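Overview (structure and organization)
Take a look at the letters that make up each chain.
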Amino acid sequence: EKSSIEKKVKRGVFDKICSDIVPDTILQNFVFATFKIPDTVFAFKKSFACHAAASSLLQYTMNAAERGPHKFVLNMKNAQIYSPDFRLMYNNQGLLEQTNTVPFRMTRNIERTIGSVMMEGTFIPTMASIASAVEKNMDDIEP
């Protein structure tokens, strides 16, 4: 019962922070302020959705450690996402270790910036296309 109450309190604090302190439009507002013209905003969001999908899939398949959004750099010229401290998680036998319960981080701000149209029309198909291409070429990848 104590953990249930603790979870409710934590959720309440999280919801309060999300609604009053950190809006889910910070990144989106920055993109709009940076580009101002709808055509360039659209192009940026499309490219960002593709790069976010590729980065998310790569981080998941490689079991990257500490994959929070504060760990990536966003190039505002071409929407490329860089992970300067990309680290793989190995166990004591030298094998990749699967310890993450969440496959990739999709924060409210990233999701809002990509938007529902780009999420369904670009992000998901890009991730599926990359996964399919990797699966088709597994013979070339495996040692």
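Further up the page is the structure itself.
From a predicted model like this one, the values you see are computed outputs, not experimental measurements.

What counts, and where the lines are drawn
Each chain carries its own residue numbering, running from 1 in the direction its sequence is written. Thresholds applied to this predicted model are a pLDDT of at least 70 for local features of residues and 80 or more for the giving and counting of side-chain atom pairs; totals over whole chains, interfaces and linings are not thresholded and use all residues. Side-chain numbers come from the whole structure's heavy atoms, not from hydrogens or water. Segments assigned H or I by DSSP are reported as helices when at least four residues long, segments assigned E as strands when at least two residues long, and all are numbered from the N terminus. Each residue's exposure class comes from its accessible area (1.4 Å probe, protein chains only) as a fraction of the maximum for that residue type: buried when under 20%, exposed when over 50%, partly exposed otherwise. Residue contacts follow a heavy-atom distance rule, with two residues in contact if any of their heavy atoms lie within 4.5 Å. Whenever a helix is involved, its axis is fitted only over the stretch in contact; in every case the axis is a line through C-alpha atoms, and angles between N-to-C directions fall within 0 to 180 degrees. Our angle categories are set so that under 35 degrees counts as roughly parallel, over 145 as roughly antiparallel, 65 to 115 as roughly perpendicular, and the remainder as oblique. For a crossing to be left-handed, the near helix must be turned anticlockwise from the far one by less than a right angle; the clockwise case is right-handed. Polarity classes work like this: nonpolar for Ala, Val, Leu, Ile, Met, Phe, Trp, Tyr, Cys and Pro, charged for Asp, Glu, Lys and Arg, and polar for all others, with Gly in that last group. Multiplying 1.5 Å by the helix residue count minus one yields the expected span of that helix. A side-chain nitrogen of Lys or Arg and a carboxyl oxygen of Asp or Glu constitute a salt bridge if their distance falls within 4 Å. A pocket here means an open set of points on a 1 Å grid, computed over the protein atoms alone, that has protein on both sides within 12 Å along at least five of seven lines. A cavity is instead a set of points where a 1.4 Å probe fits but cannot get out; residues with an atom within 4 Å of a point line either one. Grid points are joined across faces, edges and corners, and a volume is the space filled by probe spheres set on the points.

1. Observations regarding the overall build of the protein
- Scanning the protein from terminus to terminus reveals five helices and two strands.
- When its helices and strands are written in sequence order, the protein yields α-α-α-β-β-α-α.
- Taken over 143 residues, the protein has a buried fraction of 24%.
- Excluding contacts between residues fewer than 6 apart, the proportion of contacts in the protein whose partners are at least 24 apart in sequence is 68%.

2. Brief notes about the packing of helix α2 (residues 26-35) against helix α3 (residues 38-61)
- Axis separation between α2 and α3 bottoms out at 9 Å; the angle between their running directions is 135 degrees. Between α2 and α3, the crossing angle belongs to the class labelled oblique. For the element pair α2 and α3, the recorded crossing hand is right-handed. Residues L27, V31, F32 and F35 of α2 touch α3, and the partners they reach there are T40, V41, F44 and F48.
- Each residue belonging to the contact of α2 with α3 can be placed in one class, and the counts come to seven nonpolar, one polar and no charged.

3. A few points about the environment of I130
- Inspection of the secondary structure puts I130 in helix α4 (residues 108-136).
- Owing to a relative accessible area of 29%, I130 belongs among the partly exposed residues under this scheme.
- Separated by 72 residues in the primary sequence, I130 and L58 place their C-alpha atoms 9.4 Å from one another.
- If sequence neighbours within four positions are ignored, I130 has contacts with A54 and L57.

4. Considerations on α3
- End to end, α3 covers 34 Å across 24 residues, agreeing with the expected 34 Å (1.5 Å per residue, within 8%).
- Along α3, the residues classified as buried are V41, F44, K45, F48, A49, A52, A53, S55, S56, L57 and Q59.
- In the core, the buried residues of α3 are packed alongside α2, β1 (73-74), β2 (81-82) and α4.

5. Quick notes on the pattern of salt bridges
- Within this structure, the stated rule accounts for four salt bridges.
- Ionic pairing is found between K10 and E6, a salt bridge with its closest N-O pair at 3.2 Å. Highlighted residues: K10 and E6, both in helix α1 (residues 2-21), separated by four residues, approximately one helical turn.
- With a relative accessible area of 55%, K10 lands in the exposed category.

6. Focus on empty space enclosed by the protein
- All told, the structure shown has three cavities of 30 Å³ or more when counted by the stated rule.
- Computed from the structure, the largest cavity encloses a volume of approximately 130 Å³.
- Taken together, 13 residues make up the lining of the largest cavity; nearest its centre are S55, S56, F72, R105 and I110.
- Breaking the lining of the largest cavity down by element, the ones donating at least two residues are α3 and α4.
- The biggest single contributor to the lining of the largest cavity is α3, with four residues.
- By residue class, the composition of the lining of the largest cavity is seven nonpolar, four polar and two charged.

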